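# Descriptive structure summary
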2 protein chains.
Amino acid sequence: MSAAATQQESGYSAASRGEDALSTLAALVREDLEACNRLIVERMQSPVSLIPQLAAHIVAAGGKRLRPLLTLAAARMCGYRGKRHVNLAACVEFIHTATLLHDDVVDESALRRGQASANALFGNKASVLVGDFLFARAFQMMVADGSLEVLRILSEAAATIAEGEVLQLITQNDTATTEAQYLEVIEGKTAALFAAATEVGAVVADRPAEEQAALRAYGHNLGIAFQLVDDALDYSAEQEKLGKTVGDDFREGKITLPVLLAFARGSEAERGFWRRTLEAREQRESDLAEAQALMRRHRAIADSVARARDYGERALEALTLFAETHEKRALAEIVRFCVDRAR
Amino acid sequence: MSAAATQQESGYSAASRGEDALSTLAALVREDLEACNRLIVERMQSPVSLIPQLAAHIVAAGGKRLRPLLTLAAARMCGYRGKRHVNLAACVEFIHTATLLHDDVVDESALRRGQASANALFGNKASVLVGDFLFARAFQMMVADGSLEVLRILSEAAATIAEGEVLQLITQNDTATTEAQYLEVIEGKTAALFAAATEVGAVVADRPAEEQAALRAYGHNLGIAFQLVDDALDYSAEQEKLGKTVGDDFREGKITLPVLLAFARGSEAERGFWRRTLEAREQRESDLAEAQALMRRHRAIADSVARARDYGERALEALTLFAETHEKRALAEIVRFCVDRAR
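Throughout this description, residue numbers start from 1 for each chain and increase along the sequence as written. Starting at A for chains and at 1 for ligands, labels are handed out in the order in which the entities are written. For a predicted model such as this one, the threshold for reporting local features is a pLDDT of at least 70, and the threshold for listing and counting side-chain atom pairs is 80 or more; totals across whole chains, interfaces and linings nevertheless cover every residue. Only hydrogens and water are removed before side-chain values are computed, so all heavy atoms of the structure are retained for them.

A separate point is the pattern of salt bridges. Residues and elements named next belong to chain A. Salt bridges are counted wherever a side-chain nitrogen of Lys or Arg sits within 4 Å of a carboxyl oxygen of Asp or Glu. All told, the structure shown has 44 salt bridges over all chains when counted by the stated rule. Of the charged contacts, one joins R297 and E270 as a salt bridge, the two residues approaching to 2.5 Å between their closest N and O atoms. Linking R297 in helix α15 (residues 287–297) with E270 in helix α14 (residues 268–279), this pair joins segments that are 27 residues apart in sequence. Salt bridges sharing partners connect three or more residues here, namely D32, R76 and K83. Here a strand is any run of E in DSSP of at least two residues, a helix any run of H or I of at least four, and the numbering for each starts at the N terminus.

What follows is the structure, encoded as structure tokens:
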């Protein structure tokens, strides 16, 4: 059975399972998460009212809070009992939000988290500048925290994110992109912040370098799995469930693993199709369906998801270092949630 | 004689004097500045080649390096003998460059430092992302420096810059903007980084709080004077000398002090002119000349420059705390350079 067909038949229950994993994690750190949400609202305030107004649109739009949840749970799994992780989880979410705002400018995406994107409502200018504000505010909050190690980790992540996004821009519309380049893109744009989010959990808990590295590896591999699935879903998910427009990547000519696999395995005529639609960006009404059919024919979605599962396994392996706790089990469940979204 | 006429008659010699002040300052910290320039080129490198390529376009385009020069000279005036200030001066320039790149997206300005703007050449996407990279890189470099006080000062400046830019966006095309709001805009978008650039000079030299505050006041007031003159020049300078398009602010409907003064002092018919051109943005070929004529009639340029001179005086006063050195004299000359540009 094709991956897309599988997704359509068992999608609902898989989504429920996924949301269960996320709910379990959220319930486990409920007080921390509530404190984090309060802090987010508090620290996005500014006398310049457009800033909280626009930030609220995206920060408070009911995002999954996946990244801050990772920071909160990682710190607790490491036995941390203080409050610093709440502040750092908010920093992680601000950095994530800033990249979303800047990504909206970049991608002209019409939907984000199921709502009109901030830049469609407020304009490109405001999105760029409010992103800058949130980014700067995150650094102010890290300075208040006072750990140079945390600042090192998150400033490096921020630089790597930007590099990944620029590389994505360069490889866009280029079917000669290699899998290695694609991997570099998603390591930058997604895995870098996941890795930083979990690593700082070990830092606030003052755990040894080995555990810090393990939590970083967990986040890194989880992030890659997450993005691989996201890229698969762009061709296979039902629009309503995804909360974003299916086929966005296709319309923008983004080169993702499903495309690379279908291209590599395709006939010369099929490669012509990909070059026309993604490089020349000459797209007709029926082309998305044709792209999906080619992916089914070459198992491009199923194999992308299988790749995600491999990275998921590595994320789980990284957790073996830690004692069995509720937090560890919840972090393991999150890996399954990320991979199962694609089923 | 009107300010605009004065400017046209004595503009050349004033510009020469100004460049002398800048050259004097640059000569005084020549080795530091060269080291700073090398560091800038070194640290804007990335395996993602579009980043140094685009950054070079703006960083290496022969900007005045005014902000890093301020950091270098302030540190030396404070008796600092190490090398940390070189690194921090590069951070200041990176933050400045990031805001220019994001400002280019925002303002669609056709010329920047006399060259085609980065976003005209490379596109909005790349400008936003490379700006993000330089911003993140600046924070990485501050982390390597290791002073939380420096990180506090520059992250606060970054947040204030974003607030100022957003406020500018809100007040754009609104002739009901107050002088207080205008001042808040330029304090944010310009004075905040000038203040931070000079303040960190005292911090690396480990000077007492009083001197740190004095250097901050110097930079703050210099920054306001600088921006007031910039806003006056947009209506009065010769295009060649300014290195940017005269009338940019007018065409974009930016509300600057010359506009606010001409509007407040104008007849009802004149206010209609400002509302049509700046609020409704219905502009005809002859409107810029008309705007300049109204400003001459109401001494709007001359009085804006006089206001700049007042802030310049405050900047000079802030220097009285320091012993007479070559650096102090050069920093005082820079105040005159900033104000004299408008003559």
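For the least-squares superposition of copies, only C-alpha atoms count, and only for residues with pLDDT at least 70 in both. Of the two same-sequence chains, chain A is brought onto chain B (RMSD 0.0 Å, axial shift 0.0 Å) by a rotation of 180°. Taken together, the turn and the small shift mark the pair as related by a two-fold rotation axis.

Residue and element names in this part refer to chain A. Per residue, pLDDT measures the predictor's confidence, with a range of 0 to 100. When the pLDDT values of chain A are averaged, the result is 89; 86% of them are 70 or greater. For residues 1–15, every residue scores under 50 in pLDDT, and the model assigns this stretch 22 contacts once sequence neighbours within four places are set aside. Residues are treated as being in contact if the distance between any of their heavy atoms lies within 4.5 Å. For the stretch residues 107–111, pLDDT sits under 50, and the model shows 13 contacts to residues farther than four places along the chain or on other chains. Predicted complex metrics record ipTM = 0.91 and pTM = 0.91.

Residues and elements named next belong to chain A. Angular values range over 0 to 180 degrees, each being the angle between N-to-C directions of two axes fitted as lines to C-alpha atoms, with helices fitted over their stretch in contact. Running from N to C, helix α9 (residues 179–204) and helix α10 (residues 209–236) point in directions that differ by 140°, and their axes come no closer than 7 Å. Classified by the angle their axes make, α9 and α10 are oblique. Considering how the two elements wind past one another, α9 and α10 form a crossing that is right-handed. Note on residue classes: Ala, Val, Leu, Ile, Met, Phe, Trp, Tyr, Cys and Pro are nonpolar, Asp, Glu, Lys and Arg are charged, and everything else, Gly too, is polar. Looking at the contact of α9 with α10 residue by residue, the classes come out as 15 nonpolar, 7 polar and 6 charged. Working definition: roughly parallel below 35 degrees, roughly antiparallel above 145 degrees, roughly perpendicular at 65 to 115 degrees, and oblique for all remaining angles. Helix crossings are classified by the rotation of the near helix relative to the far one: an anticlockwise turn of less than a right angle makes the crossing left-handed, while a clockwise turn makes it right-handed.

In this complex, chain A contributes 36 residues to the contact, which on the side of chain B involves 36 residues. As a working definition, buried area equals the accessible area (1.4 Å probe) given up by two parts on being put together, with both sides summed. At the boundary of chain A with chain B, total buried surface from both sides reaches about 3500 Å², with 78% on carbon and sulfur atoms. Considering only the side of chain A, the residues that lose the most area to chain B are K125(A), L129(A) and E163(A), jointly responsible for 18% of the buried surface there. Connecting chain A to chain B are 0 salt bridges. Two N or O atoms count as a polar contact when they lie within 3.5 Å, although within protein this holds only if one can serve as hydrogen donor and the other as acceptor, and sequence-adjacent residues are included solely when both atoms are side-chain atoms. Taken together, the connections running from chain A to chain B amount to 4 residue pairs in polar contact (both at pLDDT 80 or more). Contributions of two or more residues to the side of chain A that touches chain B are made by α3 (50–59), α5 (84–107), α7 (124–145) and α8 (148–171) of chain A. Looking at the side of chain A that touches chain B, the element that brings in the most residues is α8(A), giving 14 residues.

The subject of this paragraph is the side chain of T190(B). All names here are of chain B. Turning to its location among the elements, T190 is positioned in helix α9 (residues 179–204). Overall, the relative accessible area of 5% leaves T190 in the buried class. Apart from residues no more than four positions distant in its own chain, T190 is found in contact with G223, F226 and Q227. Each residue gets one of three labels from its accessible area relative to the maximum for its type: buried under 20%, exposed over 50%, partly exposed in between, using a 1.4 Å probe on protein chains only.

Residue and element names in this part refer to chain A. Inspection of the secondary structure puts T277 in helix α14. The class of T277 is buried, set by a relative accessible area of 0%. A distance of 3.4 Å separates the side chain of T277 from the backbone oxygen of W274, its partner in a polar contact. Once residues within four sequence positions are removed from consideration, T277 is found in contact with F250, E282, Q283 and D287.

It is worth spelling out the packing of α7(A) against α8(A) at this point. Working note: a packed helix pair is described by the angle between its axes plus the distance between those axes. All names here are of chain A. Running from amino to carboxyl end, α7 crosses α8 at an angle of 165°, the nearest separation of the two axes being 10 Å. By the angle class used here, α7 and α8 are roughly antiparallel. Handedness of the crossing formed by α7 with α8: left-handed. Contacts between α7 and α8 pair F135, F139, M142, V143 and D145 from the former with V150, L151, L154, S155 and A158 from the latter. In terms of residue class, the contact of α7 with α8 is built from 8 nonpolar, 1 polar and 1 charged.

Before going further, it helps to spend a moment on the environment of A214(B). Residues and elements named next belong to chain B. As for its placement among the helices and strands, A214 is situated in helix α10 (residues 209–236). For A214 and E317, which are 103 residues apart along the polypeptide, the C-alpha to C-alpha distance reads 8.9 Å. Setting aside chain neighbours within four positions, we find A214 in contact with A318, L321 and F322.

All names here are of chain A. One can find T97 in helix α5. Taking relative accessible area as the criterion, T97 reaches 0% and is therefore assigned buried. Sequence separation between T97 and A55 is 42 residues; the distance between their C-alpha atoms is 8.2 Å. Discounting residues that sit within four places of it in the chain, T97 has contacts with I58, V59 and L134.

Quick look at the state of the cysteines now. Note that a disulfide, as used here, is simply two cysteine sulfur atoms within 2.5 Å. One pass over the full model with this rule turns up 0 disulfides over all chains. Residue C338(B) stays outside any disulfide, its sulfur separated by 18 Å from that of C36(B), the closest cysteine.

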